Amino acid sequence: MAETWSVQELLSAGWSEADISWEAEAEATADAVAQQDYARAKDAAGSALRLARAEFETIDPRLGTSLANYGLCLHLSGDGGPGPLFREASEVWRRADPWIARMDAPRVARSSLFHMRMEVRHRDTYRARWQERWKEIAAEARARLAALDAPHEALDATAAESLARWRRERPAMLNDTRKLMAAAFLLLAPQA
């Protein structure tokens with residue numbers, strides 16, 4: 001299910017068109033691999049990679065995911081080996097900690113005024129808990145990326161699982177957590 005955002009919503013959330021476009025291309029890549037349409041997957045992964053290289057920092061996990069997914073799609077379509085792209089993807093994910101450290105903890109409406117007040121009063125604790133969660137997400141993605149070096153069969157099933165997880169767990173709001181989750185969950189690597 002495609003989401004649509006107005007330009008004002010994008011700007012208010014601090015997102016760019018590139019952020020939304022990358023997410024759409026990464027999702028299209030996973031969908032195409034799940035359907036075993038490797039030519040379409042390679043095109044979508046190539047678009048995501050071009051966007052990531054042009055618009056994102058060299059330590060942005062979305063660049064790492066783009067590199068890995070494009071390498072995988074090249075391999076699946078018989079157009080080359082993924083080795084160098086996987087190594088570059090691993091390097092990007094390995095260096096992503098400063099990018100993650102700059103992430104802003106989302107302000108989430110809670111069920112009561114009490115919860116909102118607690119969040120405001122204990123913002124540092126709240127942010128520290130988010131940092132822990134973000135580091136867990138990144139560690140999981142790194143482990144999955146490392147698994148790509150091992151023999152992998154059922155990548156079509158992996159893509160379907162990744163896409164289903166992304167659609168089930170993606171945040172409804174445009175925030176930094178969503179960017180990291182998209183990079184981690186749309187990484188077409190076997191579950192570690």
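Rules used throughout
- Every chain begins its residue count from 1, and numbering advances along the sequence as written.
- At least 70 in pLDDT is required for a residue's local features to be given in this predicted model, at least 80 for side-chain atom pairs to be given and counted, and no such filter applies to totals for whole chains, interfaces and linings, which use all residues.
- With hydrogens and water set aside, each side-chain value is computed from the structure's full complement of heavy atoms.
- Think of each axis as a best-fit line through the C-alpha atoms, taken over the contacting stretch in the case of a helix, with angles from 0 to 180 degrees between the N-to-C directions.
- Under the DSSP-based scheme used, a helix requires at least four consecutive residues in state H or I and a strand at least two consecutive residues in state E, with every element numbered from the N terminus.
- Roughly parallel refers to an angle under 35 degrees, roughly antiparallel to one over 145, roughly perpendicular to one between 65 and 115, and oblique to any angle outside these ranges.
- In this scheme the handedness of a crossing depends on how the near helix is turned from the far one: anticlockwise by less than a right angle means left-handed, clockwise means right-handed.
- Whether two residues touch is decided by their heavy atoms; if any such pair falls within 4.5 Å, the residues are in contact.
- Here is the rule: rings of Phe, Tyr and Trp (six-membered ring for Trp) pair when centre to centre is within 6.5 Å. Planes less than 30 degrees apart are stacked, more than 60 are edge-to-face, and the remainder are tilted.
- The rule is short: NZ of Lys or CZ of Arg within 6 Å of the ring centre and within 35 degrees of the ring normal puts a charge over the ring.
- For every residue, the pLDDT score states the predictor's confidence, bounded by 0 at the bottom and 100 at the top.
- Only protein chains enter the accessibility calculation, which uses a 1.4 Å probe; a residue whose area is less than 20% of its type maximum is buried, one above 50% is exposed, and one in between is partly exposed.
- Take a side-chain nitrogen of Lys or Arg and a carboxyl oxygen of Asp or Glu: if they are within 4 Å of each other, that pair is a salt bridge.
- We call two N or O atoms a polar contact when they sit within 3.5 Å, provided that within protein one can donate a hydrogen and the other can accept it, with sequence-adjacent residues counted only if both atoms are side-chain atoms.

### Remarks on the packing of helix α2 (residues 17-34) against helix α3 (residues 38-55)
At a minimum axis separation of 8 Å, α2 and α3 run at an interaxial angle of 155°. Comparing their axes, α3 and α2 come out roughly antiparallel. Between α2 and α3 lies a crossing of left-handed hand. Packed against α2, whose contacting residues are Ala18, Ser21, Trp22, Glu25, Ala26, Ala28, Thr29, Asp31, Ala32 and Val33, the element α3 presents Tyr38, Arg40, Ala41, Ala44, Ala45, Ser47, Ala48, Leu51, Ala52 and Glu55 at the interface.

### Focus on the packing of aromatic side chains
Under the criterion given, the structure shown has 2 aromatic pairs. Between tryptophan 22 and phenylalanine 56, the ring centres sit 6.5 Å apart and the planes meet at 70°, which makes this aromatic pair edge-to-face. On the criterion of sequence distance, the pair formed by tryptophan 22 in helix α2 and phenylalanine 56 in the loop between α3 and α4 (61-76) is long-range, its members being 34 residues apart. Ring plane angle 35° and centroid distance 5.8 Å describe the contact between tryptophan 130 and tryptophan 134, whose orientation is recorded as tilted. Here the residue tryptophan 130 and the residue tryptophan 134 both occupy positions in helix α8 (residues 123-147), the gap between them amounting to 4 residues, near one helical turn. It is arginine 62 that lies over the ring of phenylalanine 56; its NZ or CZ is 3.7 Å from the centre. Sitting above the plane of the phenylalanine 185 ring, arginine 165 keeps its charged end 3.8 Å from the centroid.

### Some points on the confidence of the model for the chain
On average, residues of the chain carry a pLDDT of 84, and 80% of them reach 70 or more. The lowest-confidence element of the chain is helix α7 (residues 113-121), averaging 63 in pLDDT; the highest-confidence one is α3, averaging 97.

### Some points on the side chain of aspartate 60
Along the chain, aspartate 60 turns up in the loop between α3 and α4. Taking the relative accessible area as the measure of exposure, aspartate 60 reaches 2% and is therefore buried. Once residues within four sequence positions are removed from consideration, aspartate 60 is found in contact with Val92 and Trp99.

### Focus: the pattern of salt bridges
Tallying each qualifying case throughout the model produces 17 salt bridges. Ionic pairing is found between arginine 53 and glutamate 88, a salt bridge with its closest N-O pair at 3.2 Å. Here the residue arginine 53 occupies a position in helix α3, and glutamate 88 occupies one in helix α5 (residues 83-94), the gap between them amounting to 35 residues. Assessed through its relative accessible area of 31%, glutamate 88 is described here as partly exposed. Linked by salt bridges that have partners in common, Asp19, Asp60, Arg62 and Lys179 make up one network.

### Considering helix α10 (residues 176-185)
The element α10 is largely enclosed, with a buried count of 9 among its 10 residues. Turning to α10, its buried residues number three or more, namely Thr177, Arg178, Lys179, Leu180, Met181, Ala182, Ala183, Ala184 and Phe185. Two or three places before threonine 177, at the opening of α10, asparagine 175 has a side-chain oxygen 3.1 Å from that residue's backbone nitrogen.

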